[in-house]
Amino acid sequence: VCSIIEGRGIASEIGMCLFNFKTSECLISQFADSQTYAKVLYRFNLYPPEEILMSSTAIDPAKSKLYSTIEEHNTYADILTTERKNFSDISGIAYIKQLSLPEDTINLLLCVSSKYYCLAATAALLKYIENSRDIFFTPQSIRFKYETCESLIYSDALTARNLELVTNILNSKNNNSLYGTLNHTSTPMGARMLKINVLQPLFALKNFPDVDYLISSMVKIPRKISTKCSEQGITNILLSKHILKVIKPLKTALEPGKNSLFTTVLKILSDTKLAFLEERINLVINEDISFQKNTLAMRNYRCYAVKAGFNGLLDVARQTYKEATNDVYELVNNYKEKYGIELKINFSHSMGFFLSVQGDQLPENELPSIFINVTRKKKLLVFTSMELLKWNERISNSLTEVYLMSDKIITELTNEICTHISILYKVAESIALVDMMMSFAYLCTISNYVRPEFTNTLGIKKGRHPIQDSLSLTETVSNDCYAAEGKSFQIVTGPNMSGKSTYLKQIALLTIMAHMGSFIPAEYASVRLTDKLFSRICNDGFMQTNMSSFMSEMTEMNYIIRNVTDHSLVIIDELGRGTSTYDGLGISYAISESLLSTSAFVFFATHFQELAIGLDIYPNVVNLNLAVQVMGIQFNSSSFL
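Throughout, a residue's number is its position along its own chain's written sequence, starting from 1. Local features in this predicted model are restricted to residues whose pLDDT is 70 or higher, and side-chain atom pairs enter the listing and the counts only when it is 80 or higher, whereas totals over whole chains, interfaces and linings include all residues. Side-chain descriptors were evaluated using all non-hydrogen atoms of the structure, hydrogens and water having been removed beforehand.

A. Quick peek at the environment of D573. Strands here are runs of E lasting at least two residues and helices are runs of H or I lasting at least four, both read from the DSSP assignment and numbered beginning at the N terminus. With respect to the helices and strands, D573 occurs in strand β20 (residues 568-573). By the criterion applied in these results, polar contacts are pairs of N or O atoms within 3.5 Å in which, for protein atoms, one can donate a hydrogen and the other can accept it, and in which residues neighboring in sequence qualify only through two side-chain atoms. Among the polar contacts listed, one links the side chain of D573 to the side chain of S501, at a separation of 2.4 Å.

Shown next, in the form of structure tokens:
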């Protein structure tokens, strides 16, 4: 969920606050933006919100330019409004003092005390979450982060789509993207960190459960006690116990390493607070009880999680649960003996215990009338009985008593853990970082990758397209690339299917991988630090925005020209194809001259031979040509290499 507010001055000062319910992290930022609101759209691409909260003054008496821009580019979120008085910087400071982790509060307040707009956005968002979502948080349990855009490579949503950074253009469920190629992570946290780094690699040089989800679940305060809340509380404690247990082998694996990153992670994982939390959990929770993925096993473990002796009535309720469960198994055995059917007992969270049998195992190919709710799943018959339903109800009632009696003990333990929640945030981030780096390392072991250097030039020897390299069963055709201050504008020509588009995308993807800290598929690589990445890849028009191919081309190029810098990387593919040949050539020439006035590295693929001839007068223009070798020509048959 995101809230955003714009300053009333001449300059567009934007305050933004994003809250992630999966991780219970609150990201706040304040920045000056252009009239195209490029940075706002960039952050929406990086953290796609489900709801966008704005002030009611953004639409009354007329829609503001910011509101109209978000409305035009937004296809994924609901835009909501709230009263302007809810955007209060004073309330924002109060929320931060109340909810921020103790060790972060002082530094955070020093950083944002004069950032009135991001404080106002924070106040409005947290108030909205309390009022509309009915969610309240434990004091001093939320991790606030103040983020800036200066140290990150800026790339817009269209570039992320064109380069297939996270999703495949043809099939969004397909893993054939840069993220899918690099993703060999083992944890949800590592996968999330990798995805964020693919979308925002650094511009400046500098088998675990989902810990983030656990933290998010623990810091929320239920409005009233219920069976579901009590059940979730026990699950959180069992998950915490499991996490603290599996940290030990990771520490053992990191100890021999001398790398400064691993040393820092090892220091975090060796924090005395973790040992204290493990000790407190072991005082309350049975030693042989741990987190399980099996539904029935997890239900049994939740029932017997708290040690005996804490509550006499709790022990009685658990005995009732045990006896009722044993009676279910005894009932099923009686059915087997009475009807001569090989019944199998099953369990699901929604149905409880139920029965199943293979259809071909029935003596007369039909069930006795005592069995009800019969459904067929291929050759399997699934059913129950009235007596079994009664036992399920009895088990459910005894389990509810167990959960509610355990609630007070579990709540006290959870509150004690929440006082040290900051160390769990650090553990989650550390494990995610190690997981991502191990994914990069694994990729190097299965592919021929090389470590890139950072210089003032872009030089790649025998570079390969990373996605094609991972998919191809044969050796991928490699290409060299060299760009420097005196060769900053490169025109790429060649026939259709010669690989011009692939070559351009390869350069952009290898640059992103290098800035992420990953090795890249090449024999040698030298990369210049890039602050912005732009792409203009040919499309067939945007039906959803009611624009023609030519209009979309001009809109994208206008955006690039307005935002390009001397340290940008720009790739342009077949500009001017949406209009007549002469108009397209003239527009391409004019745009090329505009980009030539900067020191940005530009790779321009085109079929206009006249463009290459006309721009040859500029000393920093290089003409490249991709050749095609036609092999095995037959009648009505040819293949391209």
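B. Spatial organisation of the nonpolar core. Take the buried residues of types Ala, Val, Leu, Ile, Met, Phe, Trp, Tyr and Cys, join any two whose side-chain atoms come within 4.5 Å, and each joined set is a nonpolar core. Exposure is judged per residue with a 1.4 Å probe applied to protein chains only, and the accessible area is read against the type maximum: over 50% gives exposed, under 20% gives buried, and values in between give partly exposed. Of all hydrophobic cores here, the largest spans 128 residues; its most connected members are L165, I285 and F603. Among the elements that line this core, the one with the most residues is helix α16 (residues 421-446), at twelve residues. In terms of nonpolar packing, the next biggest core, distinct from the first, is built from 30 residues, V112, A120, A121 and L126 among them.

C. Geometry of the sheet that holds strand β1 (residues 2-6). On the basis of which strands lie adjacent, the open sheet formed by six strands has the order β5-β4-β1-β2-β3-β7 and mixed pairing. Two strands lie at the open edges of the sheet, namely β5 (78-82) and β7 (143-146), each paired on one side alone. Looking at each pair of strands side by side, their axes are set apart by 20 degrees on average, direction ignored. Between any two strands, pairing holds if DSSP finds at least two bridges. Here strand β2 (residues 12-20) pairs with strand β3 (residues 25-33) via nine bridges, running antiparallel. Counterpart to I14 in the pairing with β3 is F31. Throughout, a residue-residue contact means that at least one pair of heavy atoms, one from each residue, lies within 4.5 Å. To define axes, lines are fitted to C-alpha atoms, for helices over the stretch in contact only, and angles between the resulting N-to-C directions are given on a 0 to 180 degree scale. Against the sheet, helix α2 (residues 65-73) contacts β1, β2, β4 (51-55) and β5, and its axis sits at roughly 165 degrees relative to β4.

D. Broad picture of the domain arrangement of the protein. By domain assignment, the protein separates into domain 1 (2-147), domain 2 (173-209 + 435-446), domain 3 (212-302 + 412-432), domain 4 (312-399) and domain 5 (449-625). The gap between the C-alpha centroids of domain 1 and domain 5 is 35 Å. Domain extents, as shown, originate in an automatic or database domain assignment.

E. Inspection of the side chain of R318 at higher detail. Examined against the element boundaries, R318 turns out to sit in helix α14 (residues 312-339). Within the structure, R318 has its side chain in polar contact with the side chain of D315 (distance 3.1 Å). Dropping the residues within four chain positions of it, R318 is found in contact with C303, Y304, A305, V306, K307, A308 and V402.

F. Highlighting the confidence of the model for the protein. pLDDT gives the predictor's per-residue confidence on a scale running from 0 to 100. Across the protein, pLDDT averages 84, with 91% of residues at or above 70. This model gives residues 635-641 a pLDDT under 50, and the stretch forms 14 contacts once residues within four places in sequence are excluded.

G. Summary view of the side chain of R464. Looking at the element boundaries, R464 is found in the loop between β15 (458-463) and α17 (466-471). Residue R464 is classed as buried on the basis of its relative accessible area, which comes to 11%. Polar contacts involving the side chain of R464 include one to the main-chain carbonyl oxygen of N448, which spans 2.7 Å. There is a polar contact of 3.1 Å between the side chain of R464 and the side chain of D469. With near-sequence residues (within four places) excluded, R464 lies in contact with N448, Y449, D469, T476, S478, Q506, L510, P521 and A522.

H. Representation of the pattern of salt bridges within the structure. For salt bridges, the criterion is a side-chain nitrogen of Lys or Arg within 4 Å of an Asp or Glu carboxyl oxygen. As enumerated under the stated definition, the model contains 17 salt bridges in all. With a closest N to O distance of 2.8 Å, R143 and E429 form a salt bridge. Owing to a relative accessible area of 33%, E429 belongs among the partly exposed residues under this scheme. With its nearest N and O atoms 3.3 Å apart, the salt bridge here joins E556 to R536. Note that E556 is positioned in helix α19 (residues 549-563) and R536 in strand β19 (residues 532-536), a separation of 20 residues in sequence. Like R536, E556 is buried. One salt-bridge network, in which partners are shared between bridges, spans E25, R143, K145 and E429.

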